[in-house]
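Coordinate analysis (summary)
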Amino acid sequence: MRLFLAGVVPDAVKQTLHAQLEPVRAATPQARWLPEDSLHLTLVFLGSVPDAVVLPLQAAFGGVCGRHHAVQLVLGGVETFGPPRAPRVLATTLAGNVEELHALVSDARGAAEPLVPLEAERPFRPHLTVARARSSHGDLLLGRCRSALVRGLEGAFVLREIALMKSETLPG
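A brief report on the enclosed structure follows.

What counts, and where the lines are drawn
Residues numbered from 1 in each chain as written. Predicted model: local features only at pLDDT ≥ 70, side-chain atom pairs only at ≥ 80, totals over all residues. Heavy atoms only, no water. Salt bridge = Lys/Arg side-chain N within 4 Å of Asp/Glu carboxyl O. Helix = DSSP H or I, 4+ residues; strand = E, 2+ residues; numbered from the N terminus. Buried < 20%, exposed > 50% of the residue type's maximum accessible area, 1.4 Å probe, protein only. Pairing = 2+ DSSP bridges. Contact = heavy atoms within 4.5 Å. Axes fitted to C-alpha atoms, helices over the stretch in contact; angles between N-to-C directions. Core = buried A, V, L, I, M, F, W, Y, C linked by side-chain atoms within 4.5 Å.

1. Brief notes about the pattern of salt bridges
Close approach of charged atoms allows side chains with opposite charge to pair. Following the criterion strictly, the structure yields 6 salt bridges and no others. Here E22 makes a salt bridge to R25, at a shortest N to O gap of 2.6 Å. With E22 and R25 both in helix 1 (residues 11-27), this residue pair falls 3 residues apart, about one helical turn. The buried category is assigned to R25, whose relative accessible area is 14%. For R109, the salt bridge identified is with E121, shortest N-O distance 3.6 Å. Of the two residues, R109 is situated in helix 3 (residues 98-112) and E121 in the loop between helix 3 and strand 6 (127-132); the sequence distance between them amounts to 12 residues. Judged by its relative accessible area of 55%, E121 falls in the exposed class.

Quick look at the structure:
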């Protein structure tokens, strides 16, 4: 199964974010908007993991949690991933104690590496993905959503919990 390690976003923050995105969501129904209960902070993508490795991963990540404190985070601006004219992803950036978040990600990667092969490390950009283009060619309107939300989003939370989550590829 395909797994990733995620920061669990509190329900109140999910609800606040969902409400703030309503105007752009209504204007871009062709995008695949993540359901409120699916919002999370991806920390480490693990890829395909054999069943026999899941429990050792959980134990390793439990040790990681014991070495880190809760992390104060703030919803920031809005960014897109992919070509500027037709981005594939719309996300909110996260600010706050991102240094501690980077340390948590680095430690989690170190705990996972002996158990599963990880893809090459890319710079970690703390964000919550809120929408994806249905087409692999991207969606011009996701870029317009970014522009419409230029003032950013409001909300803050304390990241207190991480969890192994199953990654499911959704159709268009």
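2. Side note on the sheet that holds strand 4 (residues 71-81)
Taking strand neighbours across the sheet as the criterion, the 5 strands line up as 2-6-5-4-7 in an open arrangement whose pairing is antiparallel. With one partner strand each, in any of the chains shown, strand 2 (32-33) and strand 7 (156-159) form the two edges of the open sheet. Bridge count between strand 4 and strand 7: 4 bridges; the pairing is antiparallel. Within strand 7, the position partnered with Q72 by the bridge is V158. Of the strands in this sheet, strand 4, strand 5 (89-96) and strand 7 touch helix 3, which is tilted by about 110 degrees from strand 5.

3. With respect to the nonpolar core
Most often, soluble globular proteins have nonpolar side chains that are buried together. W33, L41, L43, L46, F61 and L101 are the most contacted members of the largest nonpolar core, which has 48 residues in total. Setting aside chain neighbours within four positions, we find L101 in contact with L41, L43, V71, L73, F124, P126 and L159.

4. Some points on the sheet that holds strand 3 (residues 40-48)
Spatial ordering of the open sheet is given by 3-1-8, a layout of 3 strands whose pairing is antiparallel. Of all strands in the sheet, those with a lone pairing partner are strand 3 and strand 8 (162-166), marking the two edges. Between one strand axis and the next, the sheet turns by 25 degrees as a mean value, whatever way the strands run. With 7 bridges connecting them, strand 1 (residues 2-8) and strand 3 associate as antiparallel partners. Counted as the bridge partner of V8 is H40 from strand 3. Of the strands in this sheet, strand 1, strand 3 and strand 8 touch helix 2 (residues 51-66), which is tilted by about 155 degrees from strand 8. Along the sheet face, helix 3 touches strand 1, strand 3 and strand 8 and points at about 20 degrees away from the line of strand 3.

Any functional reading would require information that these geometric values do not contain.
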